[in-house]
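Listed below are the residues making up each chain.
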Amino acid sequence: MSKHTTQAGKNPANSRRFNAVFTPVLLAGSMLTLAACGGGGSDDSTPAPTTATFGLQISDAPVNDAAAVVVCFNAIELVGNGSATQKYLIGSDAVAAAPNNLCQNAQGNVIANSRGVDLLKLPGALAESLVSGATVPAGNYGQLRLVLSEGSYIQLKDGSKKALSVPSNELKLLGPTLSAGGTFSYTLEFDLRKAVVNNKAGQNYQLKPTGLRLVDTSQIGHLTGSVSETLLINNQCTVAPADKTKPVGVVYLYKGADLAPATLGDYGGTQPNLPYASAPVLFDGAASYNYQIGFIDAGTYTAAFSCNTVDDPEQADVVTFLATKTQAISANKTPVVLNF
C-alpha cells in the first residue's frame, strides 16, 4: 500500500470532510467513501485552519469462483495524530452510513450496526459511501482502521456460503497525512485475488490487508480494453465459455515500461517484478473479451496478458504471458483503452 499526500487547498476552512469509498479488485470490490470539508471566512483575523477534507474509496476485481464477496463494516477509525481516535460507527453516528440486513450471525439474525457491502457489485469506478461530512483534526494519522462486524462471507458459484474472516476483525492500513485546510480523497483498492486466501480444504477464507493499496484519488486513472479472439484461439485459450463469469484469461499490470516477460511474476511469484494490479478477461456473450482495472496511480506500466487464470497469492503458479504492452496512465476519470 502506498501513502499519498495532497497539498492543502485554497479554502481556509476550519473543518474537514472525511470520505471513504470501497470498490472491488480481482476477487471483488466495493467502494467506501469517507469525506470532510470545511468553510470559513477570509478575514485576516480568522484563525489558521486546523482541519482538512479526506476521502477514501475501495476498488475491485472479481475472483474466479465467487458469486458474492460480502464484507461487513462496523466502524471507520483514524488513529494517531496525537489526539483521540476519530471513530464513525455504522448506524449510530449521523455522518456514518445506515446499517443494512446483509450481515447475519449463525442463527440468521441481522447484526446491529453493520453495513454489508458486496464487493463484486462495485466494479470499476462505482463506490459506496460509508462516512460523509465528518469533521476531524488535521495532521498525520498513523493508521486507518476498518473495523468489521460478524457476518462477512463469500458465496461460491455453486450456491454455498463460506465465512470470510479478518484477523482481529480489523483491516489496518498506514494512515494519511491531512494538511490543515486541505481537501483529500483516497481510494482503497481491494485486489481480492491477492487479499483473499483460503486453506487447502477450501473451507476457511481470510481477507488480508496485503492485497489492499491506498491511492490519491486526484492522481489516479483507469484502464480498460479487450483481448482479440484470434489471440485466444492461436494460443489454445478458452473461447466463448457458457459461464460468462468464468475468466478466459487475466491482464496483469506492473510498474515500469517495457518490462521483459521473463521478469514478470504472479502474486506469489519470485520474479523481480510482481503485479501492481490485475483483472479477469471476461466474455460478453457475443464476440468481445473485456477487462477493466480501476484506480491506478498515474505513471507508466507494463500490461501483460495470460490465459492462466489460477493464481494462489501464497505460492508461485505457472503463468505464461502471451503479450505485453507499455501504457502510460494519467490522472483522468476517462479510462485509457489498451487492447491485446
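See the structure above.
The rules behind these values
- Residues numbered from 1 in each chain as written.
- Predicted model: local features only at pLDDT ≥ 70, side-chain atom pairs only at ≥ 80, totals over all residues.
- Heavy atoms only, no water.
- Helix = DSSP H or I, 4+ residues; strand = E, 2+ residues; numbered from the N terminus.
- Buried < 20%, exposed > 50% of the residue type's maximum accessible area, 1.4 Å probe, protein only.
- Contact = heavy atoms within 4.5 Å.
- Salt bridge = Lys/Arg side-chain N within 4 Å of Asp/Glu carboxyl O.
- Polar contact = N/O pair within 3.5 Å; in protein donor to acceptor, adjacent residues only side chain to side chain.
- Disulfide = S-S within 2.5 Å.

Draft legend 1. Fine view of the overall build of the protein. Helices and strands together make up the secondary structure of the protein, namely two helices and 25 strands. Per-residue burial over the protein gives 51% buried out of 340 residues. In the protein, of all internal contacts separated by at least 6 residues, the share reaching a separation of at least 24 is 76%.

Draft legend 2. Expanded view of the pattern of salt bridges. Under the definition given, this model contains four salt bridges. Residues aspartate 243 and lysine 157 are paired through a salt bridge, measuring 3.8 Å at the closest nitrogen-oxygen approach. Of this pair, aspartate 243 sits in the loop between α2 (229–234) and β20 (249–255) while lysine 157 sits in the loop between β11 (153–156) and β12 (161–165), and the two are 86 residues apart along the sequence. You can call aspartate 243 partly exposed: its relative accessible area is 35%. Residue lysine 157 is classed as partly exposed on the basis of its relative accessible area, which comes to 34%. Two residues, lysine 172 and glutamate 170, come together in a salt bridge whose shortest N-O distance is 3.6 Å. Residue lysine 172 is classed as partly exposed on the basis of its relative accessible area, which comes to 41%. One network of salt bridges, with partners in common, ties together Glu77, Lys87 and Arg145.

Draft legend 3. Up close: unusual backbone geometry. Phi is positive for alanine 240, which is not a glycine, with a value near 45°. Note that alanine 240 resides in the loop between α2 and β20. With a relative accessible area of 42%, alanine 240 lands in the partly exposed category. We note that aspartate 258 has phi near 50°; this positive angle belongs to a residue other than glycine.

Draft legend 4. Representation of the side chain of threonine 302 within the structure. By the element assignment, threonine 302 lies in strand β23 (residues 299–306). For threonine 302, a relative accessible area of 1% gives the class buried. Among the polar contacts listed, one links the side chain of threonine 302 to the backbone oxygen of glycine 256, at a separation of 2.8 Å. In this structure threonine 302 touches Tyr252, Leu253, Tyr254, Gly256, Ala257, Asp258, Leu259, Thr324, Lys325 and Thr326, once residues within four positions along its chain are discounted.

Draft legend 5. Focus on the state of the cysteines. Under the criterion given, the structure shown has two disulfides. Put simply, cysteine 72 and cysteine 103 are joined by a disulfide, and their sulfur atoms are 2.1 Å apart. Between cysteine 72 and cysteine 103, the S-S dihedral sits near -105°, and the bridge is therefore left-handed. A residue pair is termed long-range when its members are at least 10 positions apart, and cysteine 72 in strand β6 (residues 66–80) and cysteine 103 in the loop between β7 (86–89) and β8 (115–118) qualify at 31 residues. Like cysteine 72, the residue cysteine 103 is buried in the burial classification. The partner cysteine of cysteine 237 in its disulfide is cysteine 307, sulfur to sulfur 1.7 Å. Taking the sign of the S-S torsion, about 90° here, the bridge from cysteine 237 to cysteine 307 comes out right-handed. Of the two residues, cysteine 237 sits in the loop between α2 and β20 while cysteine 307 sits in the loop between β23 and β24 (321–329), which places them 70 residues apart along the sequence.

Such coordinate-based values are descriptive only and should not be taken to indicate function.
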